[in-house]
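Descriptive analysis of the structure
The lines below spell out each chain.
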Amino acid sequence: MLALRIDLLTGRYVATAYNDRNEGEWPIHPARVFSALVAALHDADSPDPLEREALLWLERLPAPDIAASNCGMRTAARVFVPVNDVGSMPDFSDDARACEEAKAELAAAKSGAADGRAIRSLQATAKKLEDRLLEDYRAARTFNAGEKIDVARALAVLPERRGRQPRTFPCVVPDDPVCHFVWRDAAPPAAVRGGLERLARRVTRIGHSSSLVALRWVNDPPRPTWTPSDNTRGARVLRVVSEGQLERLEEEFGRHRETSPRTLPCGLVPYRSASNAGREAACGNLGEDWLVFGRIQGPAFPSHRGPELAKTLRDALMSAAADPIKVVLSGHEPSGRRTDRPHVACVPLPFVGHRYADGSILGIAVVLPRETSEDDRQYIEDAVVKLEDRAGAARGSQPPPVRLVMGAAGELTLQRVVGLPGLRTLDPDAWCRASRTWATATPIALDRHPGDLRSRSAAKAAEALRRAVESVESACTHIGLPAPTEVRIDGSSAVGGAEHAAKYGPYPARAGRFRRELVHAVIRFERPVAGPVVLGAGRFQGLGLCRPL
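Residues numbered from 1 in each chain as written. Predicted model: local features only at pLDDT ≥ 70, side-chain atom pairs only at ≥ 80, totals over all residues. Heavy atoms only, no water.

A word on the overall build of the chain
Under the convention used in this document: Here a helix means four or more residues in a row that DSSP labels H or I, a strand means two or more in a row labelled E, and each is numbered from the N terminus. Burial classes: relative accessible area under 20% of the type maximum marks a residue as buried, over 50% as exposed, and values in between as partly exposed (1.4 Å probe, protein chains only). Each accessible area is a Shrake-Rupley estimate made with a 1.4 Å probe; only the visible protein chains count as cover when residues are assessed.
Within the chain, the secondary structure is distributed over 12 helices and 25 strands. When the 549 residues of the chain are sorted by exposure, 48% land in the buried category. Split by element, the accessible area of the chain, about 27200 Å² in all, is 50% carbon and sulfur.

Quick word on the environment of Asp-220
Looking at the secondary structure, you find Asp-220 in the loop between strand 11 (213-218) and strand 12 (226-228). Residues Asp-220 and Val-182, spaced 38 residues apart in sequence, show a C-alpha to C-alpha distance of 9.8 Å.

Concerning the pairing of strand 17 (residues 345-350)
Stated precisely, the cut-off is as follows: Strand pairing follows a simple DSSP-based rule, namely that at least 2 bridges must link the two strands.
Counting buried residues in strand 17 gives six out of six residues, a clear majority hidden from the surface. Examined bridge by bridge, strand 17 and strand 18 (residues 361-367) share six bridges and lie antiparallel to one another. By the bridge assignment, Pro-350 is partnered in strand 18 with Ile-361.

A word on the sheet that holds strand 17
Convention followed: Fitted lines through C-alpha atoms serve as axes, helices being fitted only where they are in contact, and the angles separating the N-to-C directions of these axes extend from 0 to 180 degrees. We call two residues in contact when some of their heavy atoms are within 4.5 Å.
Judged by pairing direction, the sheet is antiparallel, and its five strands sit side by side in the order 17-18-16-20-19 without closing on themselves. Each end of this open sheet is capped by a strand with a single partner; those strands are strand 17 and strand 19 (402-405). On average, each strand axis in the sheet is tilted by 30 degrees relative to the strand beside it, whichever way the strands run. Contacting strand 17, strand 18, strand 19 and strand 20 (411-416), helix 8 (residues 306-320) runs over the sheet at an angle of about 45 degrees to strand 18. The strands touched by helix 10 (residues 374-389) are strand 16 (291-297), strand 18, strand 19 and strand 20; relative to strand 16, the strand with the most contacts, the crossing angle is about 15 degrees.

Overview of empty space enclosed by the protein
Condition: Cavities and pockets were defined on a 1 Å grid built from protein atoms only: a cavity is a group of points that admits a 1.4 Å probe but offers it no way out, a pocket is an open group of points flanked by protein on both sides within 12 Å along at least five of seven lines, and a lining residue is one with an atom within 4 Å of any such point. Grid points are joined across faces, edges and corners, and a volume is the space filled by probe spheres set on the points. Following the grouping adopted for this structure description, the nonpolar residues are Ala, Val, Leu, Ile, Met, Phe, Trp, Tyr, Cys and Pro, the charged ones are Asp, Glu, Lys and Arg, and the polar ones are all others, Gly among them.
Scanning all chains against the criterion turns up three cavities of 30 Å³ or more. Of the volumes computed, that of the largest cavity is approximately 140 Å³. Around the largest cavity, the lining is made up of 15 residues, and of these Pro-30, Leu-58, Pro-64, Trp-183 and Val-241 lie nearest the centre. If you list the elements that add at least two residues to the lining of the largest cavity, you get helix 1 (30-41) and strand 10 (178-183). The element best represented in the lining of the largest cavity is helix 1, accounting for four residues. Looking at the lining of the largest cavity residue by residue, the class counts come to 14 nonpolar, no polar and one charged. Lining the second largest cavity are Ser-303, Gly-306, Pro-307, Pro-348, Pro-350, Ile-361, Thr-442, Tyr-504, Gln-541, Gly-542 and Leu-543. Elements with a contribution of two residues or more to the lining of the second largest cavity: helix 8 and strand 17. Here the lining of the second largest cavity is composed, by residue class, of six nonpolar, five polar and no charged.

Thoughts on the packing of aromatic side chains
Counted only if it meets this: A pair of aromatic rings is counted whenever rings of Phe, Tyr or Trp (Trp by its six-membered ring) have centres within 6.5 Å, and the orientation is called stacked for planes under 30 degrees apart, edge-to-face for over 60 and tilted otherwise. For a lysine, the NZ atom is tested; for an arginine, the CZ atom; a charge sits over a ring if that atom is within 6 Å of the ring centre and within 35 degrees of the ring normal.
One pass over the full model with this rule turns up three aromatic pairs. In this structure an aromatic cluster arises from ring pairing among Phe-181, Trp-183 and Trp-217. The ring of Trp-431 carries the charged tip of Arg-547 above its face, separated from the ring centre by 4.7 Å.

Notes on the pattern of salt bridges
We count it as follows: Here, a salt bridge means any Lys or Arg side-chain nitrogen found within 4 Å of an Asp or Glu carboxyl oxygen.
Counted under the stated rule, the structure contains 25 salt bridges. Arg-52 is the salt-bridge partner of Glu-250, the closest N and O atoms lying 2.5 Å from each other. Residue Glu-250 is found in helix 7 (residues 245-256), and its partner Arg-52 is found in helix 2 (residues 49-58); the two are separated by 198 residues along the sequence. Exposure remark for Glu-250: the relative accessible area of 23% places this residue in the partly exposed category. Look at the salt bridges and you will find they share partners, linking Asp-43, Asp-48, Glu-51, Arg-198 and Arg-202 into a network.

As for the state of the cysteines
The criterion, for reference: What counts as a disulfide here is a pair of cysteine sulfur atoms lying within 2.5 Å.
Applying the stated criterion across every chain, the model contains zero disulfides. Left without a disulfide partner, Cys-476 is nearest to the cysteine sulfur of Cys-546, which lies 7.3 Å away. Residue class for Cys-476 comes out buried when judged on its relative accessible area of 0%.

Observations concerning helix 6 (residues 190-202)
To keep it simple, the criterion reads: A helix is expected to span 1.5 Å multiplied by its residue count minus one.
Given a rise of 1.5 Å per residue, 13 residues ought to cover 18 Å, and the 19 Å separating the end C-alpha atoms of helix 6 matches this to within 8%. Among all positions of helix 6, only Val-192, Arg-193, Gly-194, Gly-195, Leu-196, Leu-199 and Ala-200 are buried. Against strand 1 (2-8), helix 1, helix 2 and strand 11 lie the buried residues of helix 6.

Section: the nonpolar core
Considering soluble globular proteins, one finds that nonpolar side chains tend to be buried as a cluster. Here is the rule: Nonpolar cores are built from buried Ala, Val, Leu, Ile, Met, Phe, Trp, Tyr and Cys residues. Side-chain atoms within 4.5 Å join them into one set.
Within the largest apolar cluster, 47 residues are counted, with the highest numbers of intra-cluster contacts made by Ile-6, Ile-28, Leu-58, Ile-206 and Leu-215. The element contributing the most residues to this core is helix 1, with eight residues. Once you skip the residues sitting within four places of it in the chain, Leu-58 turns out to touch Leu-2, Phe-34, Leu-37, Trp-183, Leu-196 and Trp-217. Formed by 28 residues, the second largest nonpolar core is a distinct cluster that contains Leu-291, Tyr-379, Leu-404 and Leu-414.

As for the packing of helix 8 against helix 10
Inclusion rule: Roughly parallel refers to an angle under 35 degrees, roughly antiparallel to one over 145, roughly perpendicular to one between 65 and 115, and oblique to any angle outside these ranges.
Here helix 8 crosses helix 10 at 95 degrees, and the two axes come no closer than 8 Å. Taken together, the axes of helix 8 and helix 10 are roughly perpendicular relative to one another. From helix 8, Leu-313, Ala-316, Leu-317 and Ala-320 reach across to helix 10, where they touch Ala-383, Val-384, Lys-386 and Leu-387. Classifying every residue of the contact of helix 8 with helix 10 gives seven nonpolar, no polar and one charged.

Remarks on helix 1
End to end, helix 1 covers 17 Å across 12 residues, agreeing with the expected 16 Å (1.5 Å per residue, within 8%). The element helix 1 is largely enclosed, with a buried count of 10 among its 12 residues. Residues of helix 1 that are buried: Pro-30, Ala-31, Arg-32, Val-33, Phe-34, Ala-36, Leu-37, Val-38, Ala-40 and Leu-41.

Notes on the side chain of Ser-455
Note the following rule: Any pair of N or O atoms that falls within 3.5 Å is considered a polar contact. Within protein, one atom must be able to donate a hydrogen and the other to accept it, and sequence-neighbouring residues count only if both atoms are side-chain atoms.
In this fold, Ser-455 is placed in the loop between strand 22 (444-445) and helix 12 (458-478). For Ser-455, a relative accessible area of 17% corresponds to the buried category. Polar side-chain contacts of Ser-455 include one of 3.1 Å to the backbone nitrogen of Ser-457. Ignoring sequence-local partners within four residues, the contact set of Ser-455 consists of Lys-460 and Ala-461.

What follows is the structure, given as structure tokens:
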């Protein structure tokens, strides 16, 4: 086994996502760490041949597993700073970024299931962008007699005349400022190990210069939380290295010499969370790869408006989906009867579990069943894309916003979250990590009426409580979870910020329907259970959403 420990000495990590300059990067990308090791190799006038051999050995290893905690992301505000990279040359940063994104898309296509025609098209696009970038750069460096000189731009190079330029510094703050890369089947020779250790000791930063780090190779890494995956859905795409990376980096440096636009040569590999992949964790019938929409405009609805919001989004998806509407979306068989099979749940995500939490809905997740077929998954994704395209906005790095009309309350604008969510509430891992203890963030609609839980008769209240506990236990086993070892029923939630069950009013709201008793609960299992845990009769509308404690 070979494991690299990375200590973030300032407790934060400042690095820009490769595909969005306003987003932070997390977990740390292996290609970025490899580049830092290469920089350490070349910090001497004569690079050590043994250290170089060590890097050549390292680049041939497969993509590592990663052990990294959850993180919070700071808002990337635009600041104006006197920059060091100003010059008399035009600004090529946008062209360089477009070139890098085209190369990344090409790498993703090669590692995926894209056909040869699509790959050739992407190759042509990437080459065209790169050629244009180099041609513009060479032209800018060439001074022709008689050409007008931009004196003002040239004078701006001088320190006393240097202006301020807009910059963003996306930053993530991990719960644990330590990250590990783990190659479980790697066994480096002694000389290689020595070279890697010397290089690691000389690395001082990864990402921005304020991201100070200490690197060392260890033998006792924790269990990985991110592992490479063949499935790109719901995954984070990380930049990794492959054989030849050292030479590619050296060639790239020889071209840009830290003065011209640069791109990081790399491959792209999807990573999936392995926090719930432990063999001991049980899981229910809803999956972890969510389509999450964050609220970007409109009223901040309290939690008890969640079922209404869920119904509005489901109706919008059904109106956008291709006919005939599939059971996986509607929840009904062609005969009109409710299906017994798991189907899509629209789950509002309330701001809870924080000392400032107020229970307001920050977003909503479209949660697919764990065993969804490939055709059904594509059907849902097509419906989402069609719903987004209805607004007529152009697709950029972010999907177009979706507008939902919520009656007299007004219009709510949502946008699908792509990449690292800025809010912990919108991170599926906040709701899906394995735990033995779960508590409801929204109340459970019991499948059977338990009786009067608020009866003045102690005997009747105790009997109703017993039935309520049985109903929650049955709700757990109904979705495939083990029977809990303990269930505590209450009207209030154990999760900070969650609304009292009484705030939700009658459920279902429609007159003439059988009214469900709503209760909060704390549920304990004998062994870890992986989320999402959504229980009870209202689970497909977000009621009974539990949070791991």
